[in-house]
Amino acid sequence: MYEKLRLMCFFDLPMETKKEQKYYRVFRKKLIELGFVMVQESVYVRTLPNRSQLAKYEEQLKRVTPYNGLVELMYVSEKQFNDRRFLTGEKAPQEVAVGNKKMVII
């Protein structure tokens, strides 16, 4: 069965020292390289074709996850993601541009 999912990454990383700031930048850059799009500050999301892809992205992110702070991954169905409600604000421009496409050429 073809099941499109959204992998969400939530993180709260310390940025008090130069070393912590560097770890933050490396982690955020990796998210973007892996095709994640920012939907809110410290909340990134990407489309996955199925659950088996989750392990691939989890492993790649583990390699650059700083030793302190908080990093969480959660996946939801495309329907659940699209059914979210905005109490204020609206979708980020990046999210509108990407939509549920696997690849976007800018």
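Here the structure is shown first, and the text comes after it.
Quick look at the structure, then. Quick caveat, the model's predicted, so the values are computed rather than measured.

A separate point is helix 2 (residues 52-62). Every buried residue of helix 2 is listed here: Leu54, Tyr57, Gln60 and Leu61. Buried residues of helix 2 fall within an arc of 135° about the axis and therefore sit on the same side. Of the exposed residues in helix 2, the ones pointing more than 90 degrees away from its buried face are Ser52 and Lys62. Buried residues along helix 2 sit in contact with strand 1 (5-12), helix 1 (18-33), strand 3 (43-48) and strand 4 (70-77).

This part takes up unusual backbone geometry. Even without glycine at this site, Ser42 takes up a positive phi of about 70°. Judged by its relative accessible area of 19%, Ser42 falls in the buried class.

Of all hydrophobic cores here, the largest spans 15 residues; its most connected members are Phe11, Phe27, Leu31 and Phe36. Looking at this core, the elements with two or more residues in it are strand 1, helix 1, strand 3 and helix 2. Considering every element that reaches this core, the biggest residue donor is strand 1, with 4 residues. Ignoring sequence-local partners within four residues, the contact set of Leu31 consists of Cys9, Phe11, Phe36, Tyr44 and Leu61. Counting 6 residues, the second largest nonpolar core, distinct from the first, contains Met8, Val43, Val45 and Val76.

Here we take up the sheet that holds strand 1. An order of 2-3-1-4 is seen for the 4 strands of this open sheet, with the pairing classed as antiparallel. Strands with a single pairing partner mark the edges of an open sheet, and in this sheet they are strand 2 (37-40) and strand 4. Adjacent strand axes in the sheet meet at a mean angle of 30° when their direction is disregarded. One ladder, built from 8 bridges, connects strand 1 with strand 4; its direction is antiparallel. In the sheet register, Phe10 faces strand 4, and the bridge partner there is Glu72. Helix-sheet contacts for helix 1 involve strand 1, strand 3 and strand 4, and the interaxial angle to strand 1 is about 170°. Together, strand 1, strand 3 and strand 4 form the strand contacts of helix 2, whose direction differs from that of strand 3 by roughly 145°.

About the thresholds
- Residues numbered from 1 in each chain as written.
- Predicted model: local features only at pLDDT ≥ 70, side-chain atom pairs only at ≥ 80, totals over all residues.
- Heavy atoms only, no water.
- Buried < 20%, exposed > 50% of the residue type's maximum accessible area, 1.4 Å probe, protein only.
- Helix = DSSP H or I, 4+ residues; strand = E, 2+ residues; numbered from the N terminus.
- Arc of directions from axis to C-beta.
- Contact = heavy atoms within 4.5 Å.
- Core = buried A, V, L, I, M, F, W, Y, C linked by side-chain atoms within 4.5 Å.
- Pairing = 2+ DSSP bridges.
- Axes fitted to C-alpha atoms, helices over the stretch in contact; angles between N-to-C directions.

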